[in-house]
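Coordinate analysis (summary)
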Amino acid sequence: MKKTTIMLAAVALCAAAGAVEFRGIRPGDPDGRAGLRNPERGWRFEIGVGKLAEDPCKFTHVGDHWPFARFKGDGVTVAQAYCYLTQFHDKPVSDEKIAALEADFARARKDGVKFLLRFAYDHDPGLKPTPSLDRLLAHVEQLKPVVRRNADVIYCLQIGWVGAWGEFHSSAIGLEKDPKAVAAVVGATLDMLPANRSTMMRRVDYKINALKAMGADTNEVTAATAWTAAPTARIGFFNDGTLANWWDGATFVDEPYADDSNREFERVKREGLYTPVDGELFWSGQGEAHTCFACGIRAIDRFAKHHYTTFSLVHGHSQLDMSDKLWTIDGWKVTPVTSAELGFFGVQHDPDYFAGVPHRTAYEFIRDHLGYRIALRSCDVRTAGETATLALRFRNWGFSAPVNPRAPVVVIVGADGSCREFPVAFDCRRLLPGKDVEVAATAPKCAVGERFALWLPDEEKSVRMRPEYAIRLASRMETRVVGGRLLHFLDAPPAEPQDDGWKLVWHDEFDGDKLDETKWSRIPGNKDGKVSDWNRHTSTRPDLVEVKDGVLALVGVANADTNADPRACLQGQIWSRGKYAFLRGKIEIRAKFDNQQGAWPAFWMLPEKGKWPDGGEIDIIERLNGDNFVYQTCHSAWTHTMKRGREPRQGGKAVITPDAWNVYGLEWYDDALVWTVNGVETFRYPRTDADPLQWPFTTPYYVLLDQQLGGNWVGEVDLKTLPARTYVDYVRVYEKK
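These lines cover the structure that appears in this document, whether it is placed above or below. Counting restarts for each chain: residues are numbered from 1 in the order of the written sequence. A pLDDT threshold of at least 70 governs which residues receive local features in this predicted model, and a stricter bar of 80 or more applies before side-chain atom pairs are shown or counted, although totals over entire chains, interfaces and linings include all residues. Side-chain numbers here rest on the full set of heavy atoms in the structure, without hydrogens or water.

**Examining the overall build of the chain**
Assigned secondary structure in the chain consists of 11 helices and 36 strands. Radius of gyration: over C-alpha atoms. The globule rule applied is 2.2 Å multiplied by the number of residues raised to the 0.38 power. The globule rule puts the C-alpha radius of gyration for 737 residues at 27 Å, and the 28 Å found for the chain is close to it. Principal-axis analysis of the C-alpha atoms places the extent of the chain at approximately 90 × 70 × 50 Å. In the chain, buried positions account for 60% of the 737 residues. Residue-level accessible areas treat just the shown protein chains as cover; the underlying method is Shrake-Rupley with a 1.4 Å probe. Taken as a whole, the chain presents about 28200 Å² of accessible surface, with 51% of it coming from carbon and sulfur. Residues counted as positive are Lys and Arg, residues counted as negative are Asp and Glu, and His and the chain ends are not counted. One atom stands in for each charge, and that atom is NZ of Lys, CZ of Arg, CG of Asp or CD of Glu. Looking at the chain, you have 93 positive and 99 negative side-chain charges, and the mean spots of the two groups are 2 Å apart. Starting at the N terminus, helices and strands are each numbered in turn, a helix being any DSSP run of H or I of at least four residues and a strand any DSSP run of E of at least two. Residue burial is assigned from relative accessible area. The probe radius is 1.4 Å, only protein chains are included, and a residue is buried under 20% of its type maximum, exposed over 50%, and partly exposed in between.

Okay, here's the thing in structure tokens:
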């Protein structure tokens, strides 16, 4: 790759002379497989803002209105924020609506997140009534001071307003077909934001036609014209039909459609280096998006080519789009991607990203490379007298550059925590993907006891001292917050981690030829009396629990002797009740399953004390029949008795490779339960302050391993296909060091 060198003045960085090299973040580093939380990039949610009870658009299509806490491990910091003004089509926006919108901006600021903001009227195609041009422009002018006041938490303002979902098509009055109207709407929207901030439009041709109508330059944005106040430089692209089908859901309408030879497609490839690009799949079950168009490596290839900054985590994702159907994003979570595959497609990536592992998932790679992923590769310091000179070498491994202006700051940190700041005259938007960039600087050298650190804060004063809004580098560096500044210390990299921060405290590898009864007991059978679906067929018959060649097998069989036991089938189950329980930590279970109708294997936990549901229940996984996914759920009086299982959502699904070994994990923290499959987070249940009943997970829990058969949920058992086995390679429990 071409190296870009930028000479700058006025910065100090390292007390000792000489170069310090920094490696990238590896999977084995602490939190090395978690999402790197950074502002204005990555997965984004879809929410309604400024909502009133009388709004015609109720947003019932979104399963979780504010799911930031639940997806903390994915580093989500952006929500596409729709503000529907439907009922104001013939009057000014009400004070109540504006107050509700201001309240949502305040909530975003409080939580350290930003909005991809879009105003719209029509939440369906051809919706009536819809505003006239004069009314629409009056709304723009009315809302302009609101947007300006809250620009600090607006990552980008999409040019919406017109047509279905604000996408500039399917308007009942055809406003999008009137060049003068388009010019007025686009010009007014650009004017809502400061001149150095960006917008987006739904299609390249919409942008070109708008620029023509405005009498503005329609040429492509290049390195020479980027980051100016010119309208063309401020209008990016949002693709609300990404990978939906052969023309991206009417995005690329000319042959050869969504192809490298399509003129609109090609323009996004080139302009996306300098303008924001956002997108979303269709909703689950709509369109054709799946293996043909949207398999993991094809999606990565598209996101890299078009330099996507943000992408919806809601559409095509069973945990968020109110669908029981596992779809495209669920599939990405279990689709392996290798370094060699990425190389074949020409997708750049840090070699450290795959260090020590044969592959990552498509979901991980997309999550970690949407937008920017900036690494500091080296800091070379030389001192002469009282002056230090240095060279910082950056590399952006992401799909795109930062969208909004941002300048680095070098901070000299004293032993007492005092900080002196030295701004660097460099715009981080110039950190284009795939290029090494060297930044040279001079400054006074450090005094004894002082250290040099790098800070990449937000430009807005209101959030500048908030670490959530600063860029976190994708390098193995000492990083901590000092006086509100997220600082990366530059004198030396931290020592190499010896482990992942977890200590093994209890385990069973199932060696030998029998069950270790110091750790487990067979769950007592129930031949009669009141039972539940999970233990209706439980039996302590010895052959239903097998240990052989380092593997536990829990067996479900057809009952050959119904005279001795009238039940049609019997199942093997074990628990650690009375022998082992733990409070907080991590449990991992490596297992695989047979695939019979009526088989219902489950790994779960119950409290030593407390009746159900008040005491809680944690289902690490449940799997039905031959499904290619597992359920991950928690229960409590909050979810069961009070029926609040969506506040927050109490469970999710994770796609698995059905016939393979998978490692099912649960990490139990004071403030969250985090489920994983093969080390990758798949669901998170956060602790809230809504009610003490919402979080009963404050006492030790014991472990249950079941091969269940039949029940209302899983359906009838096909006795002809039995026996059914659940195989367990190991159970391991860890605590944080």
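**Focus: helix 11 (residues 362–369)**
Within helix 11, eight of the eight residues are buried, which leaves it mostly tucked inside the rest of the structure. When helix 11 is considered as a whole, its buried residues turn out to be Ala362, Tyr363, Glu364, Phe365, Ile366, Arg367, Asp368 and His369. Downstream of helix 11 by one or two residues, glycine 371 has phi in the positive range, about 70°.

**Observations regarding the pairing of strand 24 (residues 551–558)**
For strand 24, the buried fraction is high: seven of the eight residues fall into the buried class. Direction of pairing for strand 23 (residues 545–548) relative to strand 24: antiparallel, over a ladder of four bridges. The residue bridging valine 547 from the neighbouring strand is leucine 552, located in strand 24. Hairpin connection from strand 23 to strand 24: two residues lie between these consecutive antiparallel strands, with aspartate 549 at a positive phi of about 55°. Two strands pair when backbone bridges link them, and strand 24 and strand 36 (residues 724–736) are joined in this way by five bridges, in the antiparallel orientation. From the neighbouring strand, glycine 556 faces strand 36, where its bridge partner is alanine 724. For two strands to pair, DSSP has to find at least two bridges joining them. By the bridge criterion, three bridges tie strand 24 to strand 25 (residues 569–571) in an arrangement that is antiparallel. Within the sheet, the bridge partner assigned to valine 557 lies in strand 25 and is leucine 570.

**A short note on the nonpolar core**
In this structure, Trp43, Phe45, Phe119, Trp161, Phe303 and Trp332 are the most contacted members of the largest nonpolar core, which totals 85 residues. A total of six residues in this core trace back to one element, the largest contributor, which is helix 3 (residues 179–192). Discounting residues that sit within four places of it in the chain, phenylalanine 119 has contacts with Cys83, Leu85, Leu101, Leu143, Val147, Leu157, Gly160, Trp161 and Met192. Core analysis: the next-biggest nonpolar cluster, separate from the first, contains 41 residues, Phe510, Ile574, Tyr685 and Phe697 among them. What we call a nonpolar core is a set of buried Ala, Val, Leu, Ile, Met, Phe, Trp, Tyr and Cys residues that are connected through their side-chain atoms within 4.5 Å. Any two residues whose heavy atoms approach within 4.5 Å at even a single point are treated as in contact.

**As for the environment of histidine 537**
Relative to the elements of secondary structure, histidine 537 occurs in the loop between strand 22 (521–522) and strand 23. A sequence separation of 372 residues divides histidine 537 from tryptophan 165, and the C-alpha atoms of the two residues are 52 Å apart. If we ignore the near neighbours within four places in the chain, the residues touching histidine 537 are Arg567, Cys569, Leu570, Gln571 and Leu709. Here a polar contact is taken to be a pair of N or O atoms separated by no more than 3.5 Å, where protein atoms must pair a possible hydrogen donor with a possible acceptor and residues adjacent in sequence count only if both atoms sit in side chains. Engagement of the side chain of histidine 537 in a polar contact is seen with the backbone oxygen of cysteine 569, the distance being 3.3 Å.

**Some thoughts on the packing of aromatic side chains**
Classification of ring pairs uses Phe, Tyr and Trp, with its six-membered ring standing for Trp, and accepts pairs whose centres are within 6.5 Å; under 30 degrees between planes counts as stacked, over 60 as edge-to-face, and the remaining range as tilted. If you walk through the whole model with that rule in mind, you get 47 aromatic pairs. Where phenylalanine 105 meets phenylalanine 115, the ring centres are 5.7 Å apart and the plane angle is 40°; that geometry is what we call tilted. Here phenylalanine 105, found in helix 1 (residues 95–111), pairs with phenylalanine 115, found in strand 5 (residues 114–120); they are 10 residues apart in sequence, far enough to count as distant. Of the residues examined, phenylalanine 105 reaches a relative accessible area of 0% and is grouped as buried. A relative accessible area of 0% places phenylalanine 115 in the buried class. Aromatic pair phenylalanine 697 and tyrosine 701: ring centres 6.2 Å apart, planes at 50°, arrangement tilted. For phenylalanine 697, a relative accessible area of 2% translates into the label buried. Here a set of aromatic residues connected by ring pairs shows up, and it is made of Trp43, Phe303, Tyr308, Phe311, Trp332, Tyr353, Phe354, Tyr363, Phe365 and Phe399.

**Quick notes on the layout of surface pockets**
Two kinds of site are reported from a 1 Å grid over the protein atoms alone, namely cavities, where a 1.4 Å probe fits but cannot get out, and pockets, open sets with protein on both sides within 12 Å along at least five of seven lines, and residues are called lining when an atom falls within 4 Å of a point. Grid points are joined across faces, edges and corners, and a volume is the space filled by probe spheres set on the points. Here the second largest pocket is characterised by a volume of approximately 750 Å³. Lining the second largest pocket are 27 residues; nearest its centre among them are Trp534, Trp604, Leu606, Trp612 and Glu617. The dominant element in the lining of the second largest pocket, judged by the number of residues it contributes, is strand 28 (residues 599–607), at five residues.

**A word on the sheet that holds strand 28**
Pairing between the strands of a sheet is mediated by backbone hydrogen bonds and can be parallel or antiparallel. The strand order 22-26-35-28-29-30-31 describes an open sheet built from seven strands, whose pairing is antiparallel. Every interior strand has two partners, whereas the edge strands, strand 22 and strand 31 (651–655), have only one. With four bridges connecting them, strand 28 and strand 29 (residues 617–622) associate as antiparallel partners. From the neighbouring strand, alanine 602 faces strand 29, where its bridge partner is glutamate 622.

**Concerning the environment of glutamine 650**
Of note, glutamine 650 is situated in the loop between strand 30 (629–635) and strand 31. Look at glutamine 650 and you get buried, because its relative accessible area is 17%. Here the alpha-carbon distance between glutamine 650 and valine 337, two residues 313 residues apart in the chain, equals 30 Å. In this view, glutamine 650 contacts Gln632, Thr633, Cys634, His635, Thr639, Gly645, Phe683 and Tyr685; residues no more than four positions away in its chain are not counted. A distance of 2.8 Å separates a polar atom in the side chain of glutamine 650 from the backbone oxygen of cysteine 634.

**Considerations on the pattern of salt bridges**
Only one rule defines a salt bridge in this text: a Lys or Arg side-chain nitrogen within 4 Å of an Asp or Glu carboxyl oxygen. Overall, the coordinates contain 61 salt bridges when judged by the stated rule. The salt bridge partner of glutamate 40 is arginine 406, with a shortest N-O separation of 3.9 Å. Taken together, the positions of glutamate 40 in the loop between strand 2 (18–21) and strand 3 (42–48) and arginine 406 in the loop between strand 14 (387–396) and strand 15 (409–413) put the pair 366 residues apart, joining distant regions of the chain. The partner of glutamate 266 in a salt bridge is arginine 270, and the shortest N-O contact between them spans 3.2 Å. With glutamate 266 and arginine 270 both in helix 6 (residues 263–271) and four residues apart, this pair spans about one turn of that helix. Since its relative accessible area comes to 38%, arginine 270 is described here as partly exposed. Each member of the salt-bridge network shares a partner with another, and the members are Glu220, Asp260, Glu266, Lys269, Arg270, Asp301 and Lys305.

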